[in-house]
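Okay, here's what each chain looks like letter by letter:
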Amino acid sequence: MAVTLKEVAERAGVSRSAVSRTFTDGASVSDKMRRKVEKAAQELGYSPNALASSLTTGRTKLIGLVSNNFHNPIFLEVFDLFTRGLQDRGLRPLLVNLSDETDPENSVRMLRQYSVDGVVVASSTLPPLFAKAFRDAGVPVVHSFGRYSSAPQVHVVGIDNVECGRMAARALVARGYTRVGFMGGPDSATSTQDRHQGFMSEMAKHPEVETTDTFAAAYSFEAGRAKMLELVKDGPAQAYFCGDDVLSIGALSAIHDSGLRVPEDIGIIGLNDMEMARWENIDLTTIHQPIRQIVTSSIELMVAMLDEPDRYPEARIFPCSVVERGTLKMLKSGV
């Protein structure tokens, strides 16, 4: 049988309300009383009941962690950082898969069933309407890896995807490529749209460079591989900016299976700098997205919103940088 609060109170020689206050965040209890209660609880093996506590405080400490791209390995890293970070702050993550969800209102109803205290939308491909729907329902929300805006409607933490597209274009031009391509994820995703816009606008400054664009069906290895097999068959460019690392790794597989070499025949630059990109057999040149900082900042904002729900929305945008590895040819001397 589980040890009860009454038994702890009897062992410590205090009232049940004193035990309850000891295990309630922010409740008033003297240091002497706290030591007595904690000692009795340890001796009896007592753990406070989180559900009972939520009925008393009106807070569940549940934070909905929602995404829609579970087949992308980068989110194993993202979820690991989020779950550990939330737990370190005394919060409990509730992981929700919205891969097949198209109606933001359905998502709101589902999360409300669990009485979450807040929601983190951890996705660069879910439309901004999802985060806004939670805000409109009065649920504190942070959109991690969301679309940058100078006047955000909800808290947004991420990167400037337009600038990342420009950065990739500059990297290819600096290496002397004369035929380059953009190979993005689904063109319905705002991250794809912004990366494409940045890439094409930068390449427009170099009319001497032939530029093409194409879009894969998903941000996945299989979609990247399938799209690159099509491009190789039709006559590939000299180098591609792929929409993210997992697309890039799929593209590398297709290039190798087609009997071509990287970077001698086709160069590739990705985006994210996921753990797999650093593996020796992949060695992907990519744009580093500071994922750890984005997650940490998102959690900081969520904690702040729990105490200040009407906090004015802000956008926290982190800079990115090119990571030199082995899938692009070397920079031209003097560049």
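Note that the structure is a prediction, hence the values are computed from the model and not measured.

Chemist: Could you clarify how one ought to interpret the sheet that holds strand E4 (residues 141-144) in this entry?
Modeler: In a beta sheet, neighbouring strands pair by backbone hydrogen bonds and run either parallel or antiparallel. An order of E2-E1-E3-E4-E5-E11 is seen for the six strands of this open sheet, with the pairing classed as parallel. Edge strands, defined here as strands with exactly one partner in the open sheet, are strand E2 (92-97) and strand E11 (315-317). Neighbour to neighbour, the strand axes of the sheet diverge by 20° on average, direction disregarded. The pairing of strand E1 (residues 62-67) with strand E3 (residues 118-122) spans four bridges and is parallel. Bridge pairing links valine 66 to valine 121 in E3. Where helix H6 (residues 104-113) meets the sheet, it contacts E1, E2 and E3, and its direction lies at approximately 145° from that of E2.

Chemist: Explain the packing of helix H5 (residues 74-88) against helix H12 (residues 291-307) to me, please; I cannot follow it from the model alone.
Modeler: When two helices pack together, their arrangement is given by the angle between the helix axes and the distance between those axes. H12 packs onto H5 with a crossing angle of 35° between their chain directions and a minimal axis gap of 10 Å. In terms of crossing hand, the pair formed by H5 and H12 is right-handed. Counting all contacts with H5, which are made through Ile74, Val78, Leu81, Phe82, Gly85 and Leu86, the residues of H12 involved are Ile291, Arg292, Val295, Ser298 and Ile299. Residue composition of the contact of H5 with H12, by class: eight nonpolar, two polar and one charged.

Chemist: Hey, could you run me through the side chain of serine 220 in this one?
Modeler: With respect to the secondary-structure elements, serine 220 resides in the loop between strand E7 (210-215) and helix H10 (221-234). Residue classification places serine 220 among the buried residues on the basis of a relative accessible area of 8%. Of the polar contacts made by the side chain of serine 220, one reaches the backbone nitrogen of alanine 223; its length is 3.1 Å. Setting aside chain neighbours within four positions, we find serine 220 in contact with His71, Val246 and Leu247.

Chemist: I'm lost on the environment of methionine 276 in this one. Help?
Modeler: Turning to its location among the elements, methionine 276 is positioned in the loop between strand E9 (267-272) and strand E10 (286-288). By relative accessible area, which is 22% here, methionine 276 ends up partly exposed. A sequence separation of 150 residues divides methionine 276 from leucine 126, and the C-alpha atoms of the two residues are 24 Å apart. Those residues in contact with methionine 276 that lie beyond four places of it in its chain are Pro73, Ile249 and Ile282.

Chemist: Before we go on, may I ask you to explain the pairing of E2 in this structure?
Modeler: In terms of strand pairing, E1 meets E2 through six bridges, oriented parallel. Each bridged residue has a counterpart across the sheet, and for leucine 65 the counterpart in E2 is leucine 95. For the segment spanning E1, H5 and E2, crossover handedness is right-handed.

Cut-off values and rules
Residues numbered from 1 in each chain as written. Predicted model: local features only at pLDDT ≥ 70, side-chain atom pairs only at ≥ 80, totals over all residues. Heavy atoms only, no water. Pairing = 2+ DSSP bridges. Helix = DSSP H or I, 4+ residues; strand = E, 2+ residues; numbered from the N terminus. Axes fitted to C-alpha atoms, helices over the stretch in contact; angles between N-to-C directions. Contact = heavy atoms within 4.5 Å. Left-handed = near helix turned anticlockwise from the far one by under 90°. Nonpolar A, V, L, I, M, F, W, Y, C, P; charged D, E, K, R; others polar. Buried < 20%, exposed > 50% of the residue type's maximum accessible area, 1.4 Å probe, protein only. Polar contact = N/O pair within 3.5 Å; in protein donor to acceptor, adjacent residues only side chain to side chain. Right-handed = clockwise from strand over helix to strand, strands pointing away.

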